[in-house]
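Chain and residue survey
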Amino acid sequence: MSIRIVEIDPTQLAEYDRIPSRFEVRAVLEVDLVEGGLGGMILREVPVERPYIKDYDAYGELPSDWPKKFDVRNWGFFLAMDGDRPVGAAAVAFDTTGVFMLEDRGDLAVLWDIRVQPERGGAGILLFRHATEWARRRGCTQMKIETQNVNVPACRFYQKMGARLGEIRRFGYAAVPHVAHEVMLCWYLELAPETRRGV
């Protein structure tokens, strides 16, 4: 059966919750400083000694909690459906006061979350493309995507989808003890402006 992408509203985020957000960490992208950083930084993929599961939902916040913390009126929420079963989900933050990731820019969207059932990897491509098109239609020129150096598959995926690494924040999670060892990586995707048909 083919996968279709449907947009949902915040009252339906319990359906979004049904898609787990976890993966196995088998390698990390270590940051090597060249000349103390003056010569740049190099990311080097290094296998971890003991693979482990990282579960984003285990931090105590589910998608259905987002409306309690943020004004999500301008956000987009999408499900990848296989028949009547959700197999993936994505969320895009846009034009929301107080969301640090949006950098106070009206032309920036943030891929707030994307998750796919492990056996339905193709749904990720469909969700990503739908999310970028949704942002482009709202006049966004860039999409920002945050991930971590422990999520090598996600980094490879975003690179494959055309995003480029814009920020390496070595101490981005220093205030969060259980993930203080992780490096924040922010990717940026250029969004071509919408062109009128026949032009």
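We now turn to the structure provided with this report. (Residues numbered from 1 in each chain as written. Predicted model: local features only at pLDDT ≥ 70, side-chain atom pairs only at ≥ 80, totals over all residues. Heavy atoms only, no water.)

Our focus in this paragraph is the environment of L126. Inspection of the secondary structure assignment puts L126 in helix α3 (residues 122–137). On the accessibility criterion, L126 (35% relative accessible area) is partly exposed. With 46 residues separating them in the primary sequence, L126 and A80 have C-alpha atoms 7.9 Å apart. Those residues in contact with L126, other than ones at most four positions away along the chain, are I3 and I5. (Helix = DSSP H or I, 4+ residues; strand = E, 2+ residues; numbered from the N terminus. Buried < 20%, exposed > 50% of the residue type's maximum accessible area, 1.4 Å probe, protein only. Contact = heavy atoms within 4.5 Å.)

Among all positions of helix α4 (residues 152–160), only V152, A154, C155 and Y158 are buried. Down the axis, α4 shows its buried residues gathered within 160° of arc, on one side only. In α4, the exposed positions that point more than 90 degrees away from the buried face belong to P153 and K160. On its buried side, α4 packs onto β2 (22–33), β3 (41–55), β6 (108–116), α3, β7 (142–148) and β9 (184–190). Among the residues trailing α4, G162 stands out with phi positive, at a value near 105°. (Arc of directions from axis to C-beta.)

Okay, the packing of aromatic side chains next. When we look at a pair of aromatic rings, we describe it by the centre distance and by the angle of the planes. This model, assessed by the stated rule, comprises 13 aromatic pairs. For the ring pair W66 and F77, a centre distance of 6.3 Å and an interplane angle of 20° mean the geometry is stacked. Of the two residues, W66 is situated in helix α2 (residues 66–69) and F77 in strand β4 (residues 76–82); the sequence distance between them amounts to eleven residues. This pair shows no difference in class: W66 is buried, exactly as F77 is. Aromatic side chains F94 and W134 sit 6.3 Å apart centroid to centroid with 90° between the ring planes, which places their arrangement in the edge-to-face category. With a gap of 40 residues between them, F94 in strand β5 (residues 85–94) and W134 in helix α3 connect regions that are remote in the sequence. Each member of the pair, F94 as well as W134, carries the same accessibility label: buried. Three or more aromatic residues joined by ring pairs make a cluster, and in this case those are Y16, W66, F70, W75, F77 and W112. (Phe/Tyr/Trp six-rings, centres within 6.5 Å; stacked < 30°, edge-to-face > 60°.)

Direction vectors running N to C along α3 and α4 enclose 55°, while the axes themselves pass 12 Å from each other. Relative to α4, the element α3 lies oblique. Of the two possible hands of crossing, α3 and α4 adopt the one that is right-handed. Contact residues: α3 offers G124, I125 and F128, while α4 offers F157, Y158 and K160. Looking at the contact of α3 with α4 residue by residue, the class counts come to four nonpolar, one polar and one charged. (Axes fitted to C-alpha atoms, helices over the stretch in contact; angles between N-to-C directions. Parallel < 35°, antiparallel > 145°, perpendicular 65-115°, else oblique. Left-handed = near helix turned anticlockwise from the far one by under 90°. Nonpolar A, V, L, I, M, F, W, Y, C, P; charged D, E, K, R; others polar.)

The end-to-end C-alpha distance of α3 is 23 Å, a good match for the 22 Å that 16 residues give at a rise of 1.5 Å each. Directly beyond the C-terminal end of α3, a positive phi value near 85° is found at G139. (Expected span 1.5 Å × (residues − 1).)

The next thing to look at is the pattern of salt bridges. Charged atoms that come close allow side chains of opposite charge to pair. Under the definition given, this model contains 16 salt bridges. In this structure, K68 and D65 form a salt bridge, with 3.0 Å as the shortest nitrogen-oxygen distance. The partner of E103 in a salt bridge is R105, and the shortest N-O contact between them spans 3.8 Å. (Salt bridge = Lys/Arg side-chain N within 4 Å of Asp/Glu carboxyl O.)

Attention shifts here to the nonpolar core. Membership of the largest hydrophobic core comes to 32 residues, with the highest contact counts inside it found for V92, L111, F128, M143, I145 and Y158. When residues of this core are traced back to their parent elements, those giving at least two are β2, β4, β5, β6, α3, β7, α4 and β9. It is α3 that contributes the most residues to this core, six residues altogether. Leave out the neighbours within four places in its chain, and V92 touches W75, G76, F78, A109, V110, L111, W112, A131, W134 and M143. Within the second largest apolar cluster, 17 residues are counted, among which are I8, W66, V99 and L102. (Core = buried A, V, L, I, M, F, W, Y, C linked by side-chain atoms within 4.5 Å.)

Honestly, it's all geometry; don't read function into it.
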